[in-house]
Amino acid sequence: MKLTKIFTAFFENEKSGGLLLLFVTIISLYAANSAYSAEYIAFWEKDFGGHSITHWINDGLMAIFFLLIGLELEREIYHGELSNIKNASLPIMAAFGGMLVPAAIFLALNFGTAAQKGAGIPMATDIAFAIGILSLLGSKVPASLKVFLTALAVIDDLGAIIVIAVFYTTSIAFVNLAVALGIWALLFVLNRMKIHNLIPYLIGGVIMWYFMLNSGVHATITGVILAFVIPFGDGGEKSSSYRLQHFLHKPVAFIILPLFAIANTCIAIESNWHAGLNHPNAFGIILGLVIGKPLGIVLFSSIGVSAGLCALPKNLKWAHILGAGMLGGIGFTMSIFITLLAFNDPETILYSKISILIASLLAGALGFAYLKFILTKEKSA
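Keep in mind that this is a model prediction, so the values were computed, not measured. (Residues numbered from 1 in each chain as written. Predicted model: local features only at pLDDT ≥ 70, side-chain atom pairs only at ≥ 80, totals over all residues. Heavy atoms only, no water.)

## Brief notes about the overall build of the protein
Part 1: Within the protein, the regular secondary structure consists of 14 helices and 2 strands.
Part 2: Here the protein has a C-alpha radius of gyration of 20 Å; the compact-globule value for 381 residues is 21 Å, and the two agree.
Part 3: Judged by the C-alpha coordinates and their principal axes, the protein covers about 60 × 60 × 40 Å.
Part 4: A buried classification covers 54% of the 381 residues belonging to the protein. (Helix = DSSP H or I, 4+ residues; strand = E, 2+ residues; numbered from the N terminus. Rg over C-alpha atoms; globule rule 2.2 N^0.38 Å. Buried < 20%, exposed > 50% of the residue type's maximum accessible area, 1.4 Å probe, protein only.)

As structure tokens, this is what we get:
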């Protein structure tokens, strides 16, 4: 399978970014539990322009991350894995299963309780971490598996964005929302007029983000809808979409996501940290990510293939899909992001984050060990 130049760049940046995420997470956890713990945690909660530094990262910089996801999704739809309905069907079915089954497991344990708002937490997949772990397996990984996991994770993130917009919007300021959507409509008109200069789109995007932030709808949604009005053209290297996507790869992978990881994993772990893991919320997160993700991905992929809705690409086997499903259980960035929207109680947020870290570590370790065994066995056969 021939991989496009920009897909290869996306994969390589996400690979390096995933390894960097692992490093900064360890450093952040260490700092939060060192002699300077209080000062370190207080720094991220420091007020800056009416919001904490962490809040600016989560609501501001992460909108840029979602812009990149939107641009990648658009490219996949026009020229990539999602451009052919037969090819697109498999990762779409897999993503649906990878979202619905974990949510069902979580709700089975938490329905009717205050924690049921966290059903979206185990639905997410961290693209950078999942690709980073896969990359550790080197040249043994078939191209079809790289494409499948990337497409699955991108669709999964789109699903998480929809979940955020629908289920984690509490109250809406309709005037601000109307202004934000009006700006989007204006940018759409510029797109139809074939205006390819990025400046009006970026300025409009910043203004749209401000009004979306004050509308009650989560501001990061701005990034995704902005991506679809950036002129795509023929998708070539001179197109506005390509240039912006190419420019954003490194800042997102090496600055924005590491900052998000650092700010949101400054967790002071007490001696009784395991006490909160007895709660159904923690069980739902861990079981949803570690068991629900691979189960849902394999089950729905199997249903899709059996029903003739999709087919396995060349060189992609069911064993590979199971391995990809295991790596899909690395929720990390998106799972923490949804946790912050779902809960207000600091203790619930703390134990949810610890559960996400445990589940992501288990999913990554199991997925890596399993795929290494399978791919080594295939190579020696």
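## So, the pattern of salt bridges
Part 1: A full pass over the atoms with the stated rule returns 1 salt bridge.
Part 2: With a shortest N-O distance of 2.5 Å, D156 and K293 are connected by a salt bridge. A residue pair is termed long-range when its members are at least 10 positions apart, and D156 in helix α6 (residues 143-167) and K293 in helix α11 (residues 280-306) qualify at 137 residues. Here D156 and K293 have matching classes, each one buried. (Salt bridge = Lys/Arg side-chain N within 4 Å of Asp/Glu carboxyl O.)

## Let's talk about the nonpolar core
Part 1: The biggest cluster of nonpolar side chains holds 104 residues, and the ones touching the most others in it are W44, F65, L134, F148 and L327.
Part 2: Take this core: its biggest share by element is 11 residues, from α6.
Part 3: Once residues lying within four places of it in the same chain are set aside, the contact partners of W44 are S52, I53, T54, I57, L259, I262, A263 and C266. (Core = buried A, V, L, I, M, F, W, Y, C linked by side-chain atoms within 4.5 Å. Contact = heavy atoms within 4.5 Å.)

## Topic: the packing of aromatic side chains
Part 1: Scanning the entire structure with this criterion turns up 9 aromatic pairs.
Part 2: Aromatic side chains F65 and F66 sit 5.2 Å apart centroid to centroid with 65 degrees between the ring planes, which places their arrangement in the edge-to-face category.
Part 3: Using a relative accessible area of 0% as the deciding quantity, one classes F66 as buried.
Part 4: By the ring-pair criterion, three or more aromatic residues cluster together here, those being F65, F66, F260 and F337. (Phe/Tyr/Trp six-rings, centres within 6.5 Å; stacked < 30°, edge-to-face > 60°.)

## Considering the packing of α11 against helix α12 (residues 318-327)
Part 1: Running from N to C, α11 and α12 point in directions that differ by 145 degrees, and their axes come no closer than 7 Å. Like other packed secondary-structure pairs, α11 and α12 cross with a definite hand, here right-handed. Between α11, through K293, P294, I297, V298, S301, S302 and V305, and α12, the contact on the second element is made entirely by W318, I321, L322, G325 and M326. (Axes fitted to C-alpha atoms, helices over the stretch in contact; angles between N-to-C directions. Left-handed = near helix turned anticlockwise from the far one by under 90°.)

## Considering the confidence of the model for the protein
Part 1: Looking at the protein, pLDDT values average 87 and 95% of them are 70 or higher.
Part 2: When pLDDT is averaged over each helix and strand of the protein, the minimum, 77, is found for helix α1 (residues 5-32) and the maximum, 96, for α11. (pLDDT = per-residue confidence, 0-100.)

## Quick look at a nonpolar patch on the surface
Part 1: A contiguous nonpolar patch, built from L109, F283, L287, I291, L295, L299 and I303 and spanning about 600 Å² of accessible area, is present on the exposed surface.
Part 2: Residue contributions to the nonpolar patch peak at 6 residues, all from α11.
Part 3: Here I303 lies in helix α11. (Patch = residues over 30% accessible without salt bridge, like charges linked within 9 Å, V, L, I, M, F, W, Y side chains within 5 Å. Areas by Shrake-Rupley, 256 points an atom, 1.4 Å probe, with all protein chains shown as cover.)

## Quick notes on the packing of helix α3 (residues 53-78) against α6
Part 1: The interhelical angle for the contact between α3 and α6, taken along N-to-C directions, is 125 degrees, at an axis separation of 10 Å. Relative to α6, the element α3 is oriented oblique. For the pair α3 and α6, the crossing hand works out as left-handed. Contacts between α3 and α6 involve F65, F66, I69, E72 and L73 from the first element and V154, D157, L158 and I161 from the second.
Part 2: In terms of residue class, the contact of α3 with α6 is built from 7 nonpolar, no polar and 2 charged. (Parallel < 35°, antiparallel > 145°, perpendicular 65-115°, else oblique. Nonpolar A, V, L, I, M, F, W, Y, C, P; charged D, E, K, R; others polar.)

## Some details on helix α8 (residues 198-213)
Part 1: With 16 residues, α8 should cover 22 Å at 1.5 Å per step; its first-to-last C-alpha distance of 22 Å lies within 8% of that length.
Part 2: Taken as a whole, α8 has its buried residues at L198, Y201, G204, G205, M208, W209 and M212. Here the buried residues of α8 occupy an arc of 145 degrees about the axis, which is enough to place them on one side. Within α8, the exposed residues directed more than 90 degrees away from the buried face are I199 and V206. (Expected span 1.5 Å × (residues − 1). Arc of directions from axis to C-beta.)

## Looking at the environment of A124
Part 1: Position of A124 among the secondary structure elements: in the loop between α4 (85-110) and α5 (127-135).
Part 2: C-alpha of A124 to C-alpha of G331: the two residues are 207 residues apart in sequence and 5.2 Å apart in space.
Part 3: Excluding its chain neighbours within four sequence positions, the residues that come into contact with A124 are D156, L289, K293, G328, I330, G331, M334, S335 and I338.

## Some thoughts on unusual backbone geometry
Part 1: For K194, which is not glycine, the phi dihedral falls at a positive 60 degrees.
Part 2: Phi is positive for F332, close to 25 degrees, though the residue is something other than glycine.
Part 3: Its location among the elements puts F332 in helix α13 (residues 332-342).

## A closer look at the environment of Y370
Part 1: Counting through the fold element by element, Y370 comes out in helix α14 (residues 346-380).
Part 2: As for Y370 and A324, which are separated by 46 residues in sequence, their C-alpha atoms are 9.9 Å apart.
Part 3: Setting aside chain neighbours within four positions, we find Y370 in contact with A319, L322, G323 and M326.

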